[in-house]
Amino acid sequence: MLSVRGFYCYPEFILDRGYTFSIMWGGAPPPMRYRGLDHPPAAPETITVAEPDEVIQPLSAGPTTAHFTTFTVLDPQPLLDATWGGELPQFDRLTYADPELCTGFAALHLGLTKGVDHKTLRSKFAALLQKLVRRHATPPGAATEPHRPPALRTVRQILRERMDSNIGLDELAAVAGCSRHHLVRSFRQAYGVPPHRYRTLLRLASARALLAQGLPAAEVAARSGYFDQSQLNRHFREAFGVSAGAYARAVQ
């Protein structure tokens, strides 16, 4: 369980390998592009639910005055529902109006800041997640995404599994059964960015998660598909405004 600030702070980014829940309290968040679709700004007392490996892009430039608290679930166990055979649920929408759940997550965040016993907080967090799933999730496989045909989902899976490889567009286009141009255009429409940018964002997300776990930058670079630590630092600074080392020191 992790509480952070700054869900909308980057021009575009891909979520770490976990579910992210943001509670919106007020201010002026930008409209977002998520799963290749445009979404209006989140209203107060709503929960934003974003699934792993999805790209989020603010649709307006400049600083935001939004007020929110974000929880990232890296261990999906609290989200499992026995009635669905122990599979992870799906969330069809990006935002859900639920003042009661917002109040519960806000109280949880207050407990974190006041040093409440972590065992108690974990129990409350699991109960809130189960309530979120029962109210707003759909059974695995129930949601359909017509703008993401099977061929594109296969391409994305390959990019995930071979994140550290330099896969060419020709190979991906052959998998998708289309031309390179059509693949780039279709993948951008489905996921918000073209394939090579999606792979870059996957690598950045992987690097960010590994740095937060305390791994040395050189090892992170190797495990995330970078040639060396220098290349990792250059890409990390371009994306987040700080070096990989500075980020690691800030989150540990």
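Values in this document were obtained by computation on a predicted structure and should not be read as measured data.

## Side note on helix α9 (residues 244-251)
(1) Moving on: Looking only at α9, the buried set comprises A244, Y247 and A248. Along the axis of α9, the buried positions cluster into a sector of 100°, meaning they face one direction only. α9 presents R249 and A250 as exposed residues on the side facing more than 90 degrees away from its buried surface.
(2) Moving on: Tucked inside the fold, the buried residues of α9 contact α6 (195-212) and α8 (229-240).

## Some details on the confidence of the model for the protein
(1) Moving on: Here the protein averages 81 in pLDDT, and 84% of its residues register 70 or above.
(2) Moving on: Model confidence for the protein, summarised as mean pLDDT per element, is weakest for strand β1 (residues 2-4) at 39 and strongest for helix α4 (residues 169-176) at 96.
(3) Moving on: Within the model, the stretch residues 1-10 combines pLDDT values under 50 with 43 contacts to residues more than four positions away or in other chains.

## Notes on the nonpolar core
(1) Moving on: Formed by 32 residues in total, the largest nonpolar core has its most connected members in L232 and F236.
(2) Moving on: Among the elements of the structure, α3 (150-161), α4, α5 (180-191), α6, α7 (217-223), α8 and α9 are those that each provide at least two residues to this core.
(3) Moving on: The leading source of residues in this core is α6, at seven residues.
(4) Moving on: Not counting residues up to four positions away in its chain, the partners in contact with L232 are A207, A217, V220, A221, Y226 and A244.

## Describing the pattern of salt bridges
(1) Moving on: Using the criterion set out here, one finds twelve salt bridges in the structure.
(2) Moving on: Notably, a salt bridge pairs R35 with E54, separated by 3.5 Å at the nearest N-O pair. Of this pair, R35 sits in the loop between β4 (32-34) and β5 (37-39) while E54 sits in the loop between β6 (46-50) and β7 (55-58), and the two are 19 residues apart along the sequence. As far as the burial class goes, R35 and E54 line up, both buried.
(3) Moving on: The closest approach of N and O atoms between R180 and D170, which form a salt bridge, is 3.2 Å. Placement of R180 in helix α5 and of D170 in helix α4 is noted, with a sequence separation of ten residues between them.
(4) Moving on: Of the residues examined, R180 reaches a relative accessible area of 44% and is grouped as partly exposed.
(5) Moving on: Here the residues in one salt-bridge network are R35, E51, E54, R148 and R156, joined through shared partners.

The rules behind each value
Residues numbered from 1 in each chain as written. Predicted model: local features only at pLDDT ≥ 70, side-chain atom pairs only at ≥ 80, totals over all residues. Heavy atoms only, no water. Buried < 20%, exposed > 50% of the residue type's maximum accessible area, 1.4 Å probe, protein only. Helix = DSSP H or I, 4+ residues; strand = E, 2+ residues; numbered from the N terminus. Arc of directions from axis to C-beta. Contact = heavy atoms within 4.5 Å. pLDDT = per-residue confidence, 0-100. Core = buried A, V, L, I, M, F, W, Y, C linked by side-chain atoms within 4.5 Å. Salt bridge = Lys/Arg side-chain N within 4 Å of Asp/Glu carboxyl O.

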